[in-house]
Amino acid sequence: MPSQQYDRIDRAILEHLQRHGRTANVDLAEAVRLSPSSALRRTKALEADGVIAGYRAELDRERVGLGLTVFVSLRVDQHSRETSRQIEQALTEIPAVVACHVVSGEADFLVEIAVPDLATYELVLLDEILAIGPIRDARSTFAIRTIRSRGPLPLDRWPLDRRPAARGR
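Residues numbered from 1 in each chain as written. Predicted model: local features only at pLDDT ≥ 70, side-chain atom pairs only at ≥ 80, totals over all residues. Heavy atoms only, no water.

*Asks:* Before we move on, can you summarise the confidence of the model for the protein chain with the specific residues and values?
*Replies:* The predicted model of the protein chain has a mean per-residue pLDDT of 91, with 92% of residues at 70 or higher. Long-range and interchain partners of residues 162-169, a stretch whose pLDDT sits below 50, account for four contacts in this model, where long-range means more than four residues apart. (pLDDT = per-residue confidence, 0-100. Contact = heavy atoms within 4.5 Å.)

If you want it as structure tokens, here you go:
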């Protein structure tokens, strides 16, 4: 349950942290024109409310040997909650899968894969993805060049006047 009403200062904190995740609290406070204690209190509240989901380092895929990015559209045979859970579980266990979405349209899932090369992708596709029982079709799209991979979320309309209802996970 959210602990406070959000305002423009909370938005400024989120915008700053999206661009400068390792910023010291003192620097964050200065950037959003708050005292360090107020900035820390608000940041902790945003974390506790789940608005800030976590922190991590963004790595350069090429420099860590993962120069091939592939987007795979998957179609499944049996549409059910259990089938979806089975596929989701299997996909999250594949280390090369860096993002996975349930989508509408021709595909049922859209999966992002990061691998060193085409030969490795072939192994992931044949031995891991297509081995998931209910998957009947996989269509691969190869990224030629990444222009923007994980930009900050646009927060110009946040906070909304009304909060969404809490959802179970």
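Picking up where we left off.
*Asks:* With reference to specific residues and values, describe a nonpolar patch on the surface.
*Replies:* On the surface, a cluster of nonpolar side chains totalling about 190 Å² of accessible area is made up of Phe71, Val103 and Leu110. Assessed through its relative accessible area of 32%, Phe71 is described here as partly exposed. (Patch = residues over 30% accessible without salt bridge, like charges linked within 9 Å, V, L, I, M, F, W, Y side chains within 5 Å. Areas by Shrake-Rupley, 256 points an atom, 1.4 Å probe, with all protein chains shown as cover. Salt bridge = Lys/Arg side-chain N within 4 Å of Asp/Glu carboxyl O. Buried < 20%, exposed > 50% of the residue type's maximum accessible area, 1.4 Å probe, protein only.)

*Asks:* Can you explain helix α2 (residues 25-32)? Please cite residues and give values.
*Replies:* Those residues of α2 lying buried are Leu28, Ala29 and Val32. Across the axial projection of α2, the buried residues extend over an arc of 100°, all falling on one side. In α2, the exposed positions angled more than 90 degrees off the buried face are occupied by Val26 and Glu30. Those residues of α2 that are buried lie in contact with α1 (8-19) and α3 (36-48). Phi for Arg33, located one or two positions after α2, is positive at around 60°. (Helix = DSSP H or I, 4+ residues; strand = E, 2+ residues; numbered from the N terminus. Arc of directions from axis to C-beta.)

*Asks:* Outline the pattern of salt bridges, listing residues and values.
*Replies:* In a structure, side chains of opposite charge can pair up when their charged atoms sit close to one another. Under the counting rule described, the total for this entry stands at six salt bridges. In this structure, Arg136 and Asp77 form a salt bridge, with 3.7 Å as the shortest nitrogen-oxygen distance. Residue Arg136 is located in strand β4 (residues 135-142), and its partner Asp77 is located in the loop between β1 (68-76) and α4 (81-92); the two are separated by 59 residues in the primary sequence. Since its relative accessible area comes to 47%, Arg136 is described here as partly exposed. Since its relative accessible area comes to 48%, Asp77 is described here as partly exposed.

*Asks:* Could you give an account of α3, with specific residues and numbers?
*Replies:* In a regular helix each residue adds 1.5 Å, so 13 residues correspond to 18 Å; α3 covers 18 Å between its end C-alpha atoms and thus fits that length. Listed as buried for α3 are Ala39, Arg42, Thr43, Ala45 and Leu46. End-on view of α3: buried residues confined to an arc of 160°, all on one side of the axis. Across α3 from its buried face, at more than 90 degrees, point the exposed residues Ser37 and Ala48. Turning to α3, the residues buried within the fold contact α1 and α2. Two residues or fewer past α3, Gly50 is found with a positive phi of approximately 85°. (Expected span 1.5 Å × (residues − 1).)

*Asks:* Outline the packing of α2 against α3, listing residues and values.
*Replies:* Contact geometry for α2 and α3: axes closest at 8 Å, N-to-C directions at 100°. Relative to α3, the element α2 is oriented roughly perpendicular. On α3, the residues touching Asn25, Leu28 and Ala29 of α2 are Pro36, Ala39, Leu40 and Thr43. (Axes fitted to C-alpha atoms, helices over the stretch in contact; angles between N-to-C directions. Parallel < 35°, antiparallel > 145°, perpendicular 65-115°, else oblique.)

*Asks:* An account of the packing of aromatic side chains is requested, with residue identities and associated values reported.
*Replies:* All chains considered together, the criterion is met by two aromatic pairs. Here the aromatic rings of Tyr121 and Phe142 are separated by 5.7 Å at their centres, their planes lie at 85°, and the arrangement is edge-to-face. With Tyr121 in helix α5 (residues 118-129) and Phe142 in strand β4, this pair connects stretches of sequence that are 21 residues apart. (Phe/Tyr/Trp six-rings, centres within 6.5 Å; stacked < 30°, edge-to-face > 60°.)

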